[in-house]
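Architecture and fold: a report
Spelled out, the chains give:
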Amino acid sequence: MRLFHALRDASRFRSVFDFGGREVAHWFPGHMAKGLKQMRANLKNVDCVIEIHDARIPLSGRNPVFEDTLNVKPHLLILNKMDLADVSNKQRVVRTLQKSGVQNVLFTDCLKQSDTSIKKVVPLVMEIIEKSMRFNRAENTTYCLMVIGVPNVGKSSLINALRRTNLKKGRASRVGGEPGITKAVLTRIQVSERPLMYLLDTPGVLPPRIESVETGMKLALCGTILDHLVGEDIIADYLLYSLNRLGNFSYVEKYSLQEPSDDIQHVLKRIAVKLGKTQRVTAITGVGNINVTVPNYTAAAYDFIRAFRKGELGQVMLD
Ligand SMILES: Nc1nc2c(ncn2[C@@H]2O[C@H](COP(=O)(O)OP(=O)(O)OP(=O)(O)O)[C@@H](O)[C@H]2O)c(=O)[nH]1
């Protein structure tokens with residue numbers, strides 16, 4: 001990162017982000033009550049709940065409903081997308097989670113074909129279930145799991161990765177329901193042969209917990225809340241603020257800036273020019289109309305956010 005490390009703690013960057021009095025109330029309009037009811041109904045068949053969350057925000061945005069309602073079962077928290085996260089301080093994250101009662105944590109990358117972390121899931125789940133005595137289902141040698149989490153954290157990818165890794169099979173296919181029980185309740189897919197392990201085939205989508213505007217912004221940055229509900233412009237500004245705060249100046253080289261900047265308009269302008277995202281507009285002046293080229297700030301903001309989500313701006317830890 002050239003000389004920019006020297007600027008890491010320079011006071012030229014914002015130390016707090018101005019959210020401009022934004023309200024988070026409408027950022028997650030989902031009607032989740034039905035899904036939750038279904039999850040609760042299915043719980044009796046479940047030996048272990050796998051909760052999946054984004055490794056870049058391990059301490060914020062998880063749904064508290066899990067702690068209150070679903071926490072009656074053995075539980076594994078998978079922090080996914082570790083390829084995008086700065087996990088150099090994994091121990092801090094694990095310790096903080098343990099203090100809040102989350103005992104079993106695993107970091108994964110569901111997209112990497114040969115990721116060893118996915119191989120650890122089934123043995124770890126077995127260990128967790130055995131430690132908890134499997135409640136009153138000790139005679140049963142078939143295991144059933146449920147995957148839950150807020151949107152877009154990789155629930156479906158995890159299911160597919162488990163099948164790919166353990167069964168050498170591709171896309172998830174359904175297995176038949178059991179007699180006498182409605183298909184909706186017991187449609188399961190196999191994820192392991194030995195031990196025989198199934199997953200309820202519909203991952204439980206929970207609304208995230210948006211306890212503050214800052215949490216909302218982190219969730220938005222990670223793609224958990226629809227961009228347009230929050231606004232691409234402010235997400236891009238929060239991204240710039242976060243990168244500067246973390247001393248991650250990879251955007252400078254990527255977009256050919258002279259130096260790091262905390263001014264989003266300036267950065268977006270550079271991005272627009274670099275990527276050719278400019279528009280010709282007609283300006284009306286006192287001496288006639290003239291055509292001018294202006295940066296397309298929205299397109300630039302979108303590219304900046306997309307680059308971050310693809311990991312092109314380096315690994316980050318937002319919590
Ligand atoms: N970089 C990276 N991307 C991932 C990983 N796992 C999933 N993704 C991507 O994240 C996006 C969401 O993945 P899904 O598996 O659809 O997530 P989901 O939780 O099932 O999403 P919803 O059904 O919307 O709740 C997709 O673009 C995946 O390719 C990972 O470990 N690393």
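The structure displayed is predicted, hence computed values, not measured ones. (Residues numbered from 1 in each chain as written. Predicted model: local features only at pLDDT ≥ 70, side-chain atom pairs only at ≥ 80, totals over all residues. Heavy atoms only, no water.)

**Side note on the overall build of the protein chain**
Operational definition: Helix numbering and strand numbering both begin at the N terminus, where a helix is a DSSP run of H or I of at least 4 residues and a strand a DSSP run of E of at least 2. Each residue is assigned to one of three classes by its accessible area relative to the maximum for its type, calculated with a 1.4 Å probe on protein chains only: buried under 20%, partly exposed between the two thresholds, exposed over 50%. Throughout, the Shrake-Rupley method with a 1.4 Å probe supplies accessible areas, and for residues the shown protein chains are the sole cover considered.
What the protein chain contains, in helices and strands, is 13 helices and nine strands. Among the 319 residues that make up the protein chain, the fraction classed as buried is 50%. Summing over all exposed atoms, the protein chain offers an accessible surface of approximately 16,000 Å²; the carbon and sulfur share of this is 52%.

**Considering the environment of L246**
Position of L246 among the secondary structure elements: in the loop between helix 10 (232-245) and helix 11 (250-254). With 82 residues separating them along the chain, L246 and R164 place their C-alpha atoms 36 Å apart.

**Let's talk about the site of the ligand**
Rules: Only heavy atoms are used to decide nearness, and a residue is near a molecule or strand if one of them lies within 4 Å of it. Nitrogen and oxygen atoms within 3.5 Å of one another constitute a polar contact, given that in protein one can donate a hydrogen and the other can accept it, and given that sequence-neighbouring residues count only through two side-chain atoms. All residues other than Ala, Val, Leu, Ile, Met, Phe, Trp, Tyr, Cys, Pro, Asp, Glu, Lys and Arg, Gly among them, are scored as polar; the first ten of these are nonpolar and the last four charged.
In the vicinity of the ligand, 15 residues are found, and the nearest of them are D83, C110, K155, S156 and S157. With respect to the ligand, the side chain of D109 contributes an N or O atom lying 3.2 Å from an oxygen atom. At 2.8 Å from an oxygen atom of the ligand is found a main-chain nitrogen or oxygen belonging to C110. Coverage of the ligand by the protein amounts to 70% of the 650 Å² it exposes when considered alone. Residue contributions to the shell around the ligand peak at three residues, all from helix 6 (residues 155-167). Of the residues assigned to the shell around the ligand, the class counts are six nonpolar, five polar and four charged.

**Remarks on unusual backbone geometry**
The linkage connecting R194 with the following residue, P195, adopts the cis geometry, with an omega of 0 degrees. The phi dihedral of N152 is positive, around 70 degrees, even though this residue is not glycine. For N152, the location among the structural elements is in the loop between strand 4 (142-149) and helix 6.

**Remarks on the pattern of salt bridges**
Side-chain pairs of opposite charge can arise whenever the charged atoms involved come near each other. Quick reminder of the rule: Salt bridge, as used here, is a side-chain nitrogen of Lys or Arg placed within 4 Å of a carboxyl oxygen of Asp or Glu.
One pass over the structure, following the stated rule, counts 10 salt bridges. Put simply, D262 and R14 hold a salt bridge, and the shortest N to O gap is 3.2 Å. With a gap of 248 residues between them, D262 in the loop between helix 11 and helix 12 (264-275) and R14 in the segment before helix 1 (33-42) connect regions that are remote in the sequence. The exposure class assigned to D262 is buried, which follows from its relative accessible area of 17%. By relative accessible area, which is 24% here, R14 ends up partly exposed. A salt bridge links E51 to R62, with the nearest nitrogen and oxygen atoms 3.0 Å apart.

**As for the pairing of strand 6 (residues 196-200)**
In plain terms, the rule: The criterion for strand pairing is that DSSP finds at least two bridges linking the strands in question.
Within strand 6, four of the five residues are buried, which leaves the element mostly enclosed by the surrounding structure. Inspection of the sheet shows strand 4 paired to strand 6 by four bridges, in the parallel sense. Along strand 6, the bridge assignment pairs T142 with L196. Sheet topology note: the strand 5 (residues 188-192)/strand 6 ladder contains four bridges and is antiparallel. Opposite S192, over in strand 6, you have M197 as the bridge partner.

**As for the domain arrangement of the protein chain**
For clarity, the threshold we go by: Note: domain ranges come from an automatic or database domain assignment. Simply put, the buried area is the total loss of 1.4 Å probe accessible area from both parts when two parts are fitted together.
The domains assigned to the protein chain are domain 1 (5-22 + 211-309) and domain 2 (30-200). Carbon and sulfur atoms make up 59% of the area that domain 1 and domain 2 hide from each other, which totals about 770 Å². It is L219, C222 and T224 that lose the most area in domain 1 upon contact with domain 2, and together they represent 54% of the buried surface on that side. Our count for the contact surface shared by domain 1 and domain 2 stands at two residue pairs in polar contact (both at pLDDT 80 or more). Those elements giving two or more residues to the side of domain 1 that touches domain 2 turn out to be helix 8 (213-221) and helix 13 (297-309).

**Description of the packing of helix 8 against helix 10**
This is how the line gets drawn: In this analysis an axis means a line fitted to C-alpha atoms, helices contributing only their contacting stretch, and an angle means the value between N-to-C directions, from 0 to 180 degrees. Angle categories: roughly parallel below 35 degrees, roughly antiparallel above 145, roughly perpendicular from 65 to 115, and oblique for all the rest. Whether two residues are in contact is decided by their heavy atoms: any pair within 4.5 Å suffices.
Across the interface, helix 8 lies against helix 10 with an axial gap of 10 Å and an inter-helix angle of 95 degrees. One finds that helix 8 runs roughly perpendicular with respect to helix 10. Contact residues: helix 8 offers E214, M217, K218, A220 and L221, while helix 10 offers I234, I235, Y238, L239, Y241 and S242. Looking at the contact of helix 8 with helix 10 residue by residue, the class counts come to eight nonpolar, one polar and two charged.

**Some words on the side chain of Q190**
As for its position among the elements, Q190 is in strand 5. Separated by 3.1 Å, the side chains of Q190 and E193 make a polar contact.

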